[in-house]
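Read off the chains here:
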There are 2 protein chains.
Amino acid sequence: MTKPIIVLVRPQMHENIGAVARAMANFALEDLYIVAPRDGKPSQKAYAMSSGADFILDKAIIFDSVADALSDVNYVFATTARKRDIYKPAYNPMEAGEISIEKLSGGNKLALLFGAERAGLENSEIDLADALIHIPVNPDFSSLNLAQSVLLIAYEWFRLSGQKTKYSPNEIKFATKKDLDYFYQHLETELEQRGFFYPIEKKESMVQTLRALFSRTQMNEQEVRTMRGVIKSLTKEL
Amino acid sequence: MTKPIIVLVRPQMHENIGAVARAMANFALEDLYIVAPRDGKPSQKAYAMSSGADFILDKAIIFDSVADALSDVNYVFATTARKRDIYKPAYNPMEAGEISIEKLSGGNKLALLFGAERAGLENSEIDLADALIHIPVNPDFSSLNLAQSVLLIAYEWFRLSGQKTKYSPNEIKFATKKDLDYFYQHLETELEQRGFFYPIEKKESMVQTLRALFSRTQMNEQEVRTMRGVIKSLTKEL
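Residues numbered from 1 in each chain as written. Chains lettered and ligands numbered in written order. Predicted model: local features only at pLDDT ≥ 70, side-chain atom pairs only at ≥ 80, totals over all residues. Heavy atoms only, no water.

## Considering the packing of helix α5 (residues 93-105) of chain A against helix α7 (residues 146-161) of chain A
Residues and elements named next belong to chain A.
Here is step 1: Direction vectors running N to C along α5 and α7 enclose 55 degrees, while the axes themselves pass 8 Å from each other. Relative to α7, α5 is oriented oblique. For the crossing formed where α5 meets α7, the hand is right-handed. Taken together, the residues of α7 that come into contact with α5 (itself represented by Pro93, Met94, Gly97, Glu98, Ser100, Ile101 and Leu104) are Leu152, Ile153, Glu156, Trp157, Arg159, Leu160 and Ser161.
Here is step 2: Its residues assigned to classes, the contact of α5 with α7 shows eight nonpolar, three polar and three charged. (Axes fitted to C-alpha atoms, helices over the stretch in contact; angles between N-to-C directions. Helix = DSSP H or I, 4+ residues; strand = E, 2+ residues; numbered from the N terminus. Parallel < 35°, antiparallel > 145°, perpendicular 65-115°, else oblique. Left-handed = near helix turned anticlockwise from the far one by under 90°. Contact = heavy atoms within 4.5 Å. Nonpolar A, V, L, I, M, F, W, Y, C, P; charged D, E, K, R; others polar.)

Here's what the structure looks like:
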């Protein structure tokens, strides 16, 4: 069975990248993707903080954008501290661990997105996620650092994957994020041409609504093809 | 209900004491006992690392020995990384969280013992404990730092004690089946007119595929209106 991929989005401090690698190693995670790190690829500071999790830093992959990092990923969790106005299913780390095991055993590639230290994830990045993870913390003291968030989520996955899962794995292969992106672009281009996004200031939130709606349905490859056929058909002139 | 007390035994780095205070605050723990800290009571370094959990450091109590710290405590867990030859019941953090809640609600004072960064706890100190906690980690990379051990155990206690932990899904009003049906009929009529359902024998299964896809997404009323707007827009002649 494959394991979840940790995706750090615009991390700033190399020390934090190192601490994340250490937390990953503690719970047997292996794949680290880093999107647009402020200070470039892991430096000596990252290695020092990893306490020997060099093997994770050595094979970490750097990407320019979240979309690039997720292009061949089938299922994505985004961890968010703040409540968002986006309607997506939200889970605690234990539930996310259970779902991860289920998705991974279906042959899907699964990623866990973590935003930058302060800024977190942008809405357009959260749009790419299938579901959110909220870590339940003391509401009066809710600042978890990056490595601690990774630690808790990795812990739950590791703990639960060591047990027999109560979910029967379902064998659905979801569409990749790249296929989904082509679908969204197709839909949005056709809508744009017909003046759907009006007034223009609302375009972003309208796009977000549509993407959230379709991401919840977790289309498989065949369904994405069907939906592209639907758009093609509807835009045909009678 | 009272809460578990965190007892750090002979901690060395003040930074670690601060990081422990932060982890405690994240999961609403309040009482920190420090036994024979190498460098005396929490210094500025500890406060800096606590990220604002000053209130915990301010009222931390320093003791000379583990026995002193535990003198009025009723139930003690000792966290140990290495397996010990001591026969004591051993639990994982989740089980320890459950037991803690049970003991605390019985009016007991409960403490969680954490040994020094490298040396851990002495056998005579472990003798004072009622039970052990083992954190399940990757056997090939098992070094958790002090604050991370505290974090994971505090997380389980907090999660299980249910302090505002369960995120209730937003109050979502799903669309009625009637609204959904109008939407499906709208979509299918437009597709039919454009020859989407071809060959005709396949129409039924194609309709079923589309309805299954949209039903999974559980649209709310607003989203159904949005999707009807999408169809109306896509079928507009350019």
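## Structural notes on the pairing of strand β1 (residues 5-9) of chain B
All names here are of chain B.
Here is step 1: Of all five residues in β1, five are buried; the element is thus mostly enclosed.
Here is step 2: Where β1 and strand β2 (residues 31-35) come together, five bridges link them in parallel fashion. Residue Leu8 lies in a different strand from β2, and its bridge partner there is Ile34.
Here is step 3: Running through helix α1 (residues 14-26), the crossover from β1 to the neighbouring parallel element β2 is right-handed.
Here is step 4: Where β1 meets strand β6 (residues 110-114), four bridges bridge the pair, whose relative direction is parallel. Within β6, the residue paired with Ile5 across the bridge is Ala111. (Buried < 20%, exposed > 50% of the residue type's maximum accessible area, 1.4 Å probe, protein only. Pairing = 2+ DSSP bridges. Right-handed = clockwise from strand over helix to strand, strands pointing away.)

## Topic: the sheet that holds strand β4 (residues 75-79) of chain A
Residues and elements named next belong to chain A.
Here is step 1: Reading across from one edge, β3-β2-β1-β6-β4-β7-β5 is the order of the seven strands in this open sheet, with parallel pairing throughout. The outermost strands of the open sheet, each flanked by one partner alone, are β3 (61-63) and β5 (90-91).
Here is step 2: Relative to strand β7 (residues 131-133), β5 runs parallel, the two being bridged by two bridges. Paired with Tyr91 across the bridge in β7 is Ile133.

## Some remarks on the interface of chain B and chain A
Here is step 1: Counting residues at the interface gives 59 residues for chain B and 60 residues for chain A.
Here is step 2: Carbon and sulfur atoms supply 62% of the area buried between chain B and chain A, which totals about 5600 Å² over both sides.
Here is step 3: At the boundary of chain B with chain A, the tally comes to three salt bridges.
Here is step 4: Salt-bridge contacts for Glu223 of chain B lead to Arg216 of chain A; the nearest nitrogen and oxygen are separated by 2.9 Å.
Here is step 5: There are 22 residue pairs in polar contact (both at pLDDT 80 or more) connecting chain B and chain A.
Here is step 6: Elements supplying a minimum of two residues to the side of chain B that touches chain A: α1, α5 (93-105), α7 (146-161), α8 (177-193), α9 (203-216) and α10 (221-234) of chain B.
Here is step 7: A per-class count over the side of chain B that touches chain A returns 30 nonpolar, 18 polar and 11 charged. (Buried area = accessible area lost by both parts, 1.4 Å probe. Salt bridge = Lys/Arg side-chain N within 4 Å of Asp/Glu carboxyl O. Polar contact = N/O pair within 3.5 Å; in protein donor to acceptor, adjacent residues only side chain to side chain.)

## Let's talk about α5 of chain B
Here is step 1: An ideal rise of 1.5 Å per residue puts 18 Å on 13 residues; α5 of chain B measures up with 18 Å between its terminal C-alpha atoms.
Here is step 2: Within α5 of chain B, burial applies to Pro93, Ala96, Gly97, Ile99, Ser100, Ile101 and Leu104 of chain B.
Here is step 3: Buried residues in α5 of chain B make contact with α7 of chain A together with β4 (75-79), β5 (90-91), β6, β7 (131-133) and α7 of chain B.
Here is step 4: At the N-terminal boundary of α5 of chain B, the capping side chain belongs to Asn92 of chain B, with an oxygen 3.0 Å from the backbone nitrogen of Met94 of chain B.
Here is step 5: The positive-phi residue at the C-terminal boundary of α5 of chain B is Gly107 of chain B, with phi of around 90 degrees. (Expected span 1.5 Å × (residues − 1).)

## A closer look at the packing of aromatic side chains
All names here are of chain A.
Here is step 1: All chains considered together, the criterion is met by 21 aromatic pairs over all chains.
Here is step 2: Measuring from centroid to centroid gives 6.2 Å for Tyr75 and Phe174, while their planes differ by 45 degrees, and the two rings are tilted. Placement of the pair is Tyr75 in strand β4 and Phe174 in the loop between α7 and α8 (177-193), with a sequence separation of 99 residues.
Here is step 3: The buried category is assigned to Phe174, whose relative accessible area is 5%. (Phe/Tyr/Trp six-rings, centres within 6.5 Å; stacked < 30°, edge-to-face > 60°.)

## Re the pattern of salt bridges
Here is step 1: Under the defined criterion, the tally for this structure stands at 25 salt bridges over all chains.
Here is step 2: Across the salt bridge formed by Arg159 of chain B and Glu156 of chain A, the nearest N and O atoms sit 3.6 Å from each other. Placement of the pair is Arg159 of chain B in helix α7 and Glu156 of chain A in helix α7, with the two residues belonging to separate chains.
Here is step 3: Linking Asp181 of chain A and Arg211 of chain A is a salt bridge whose minimum nitrogen-to-oxygen distance equals 3.7 Å. With a gap of 30 residues between them, Asp181 of chain A in helix α8 and Arg211 of chain A in helix α9 (residues 203-216) connect regions that are remote in the sequence.
Here is step 4: Connected through salt bridges with shared partners, the residues Glu156 and Arg159 of chain A together with Glu156 and Arg159 of chain B form a single ionic network.

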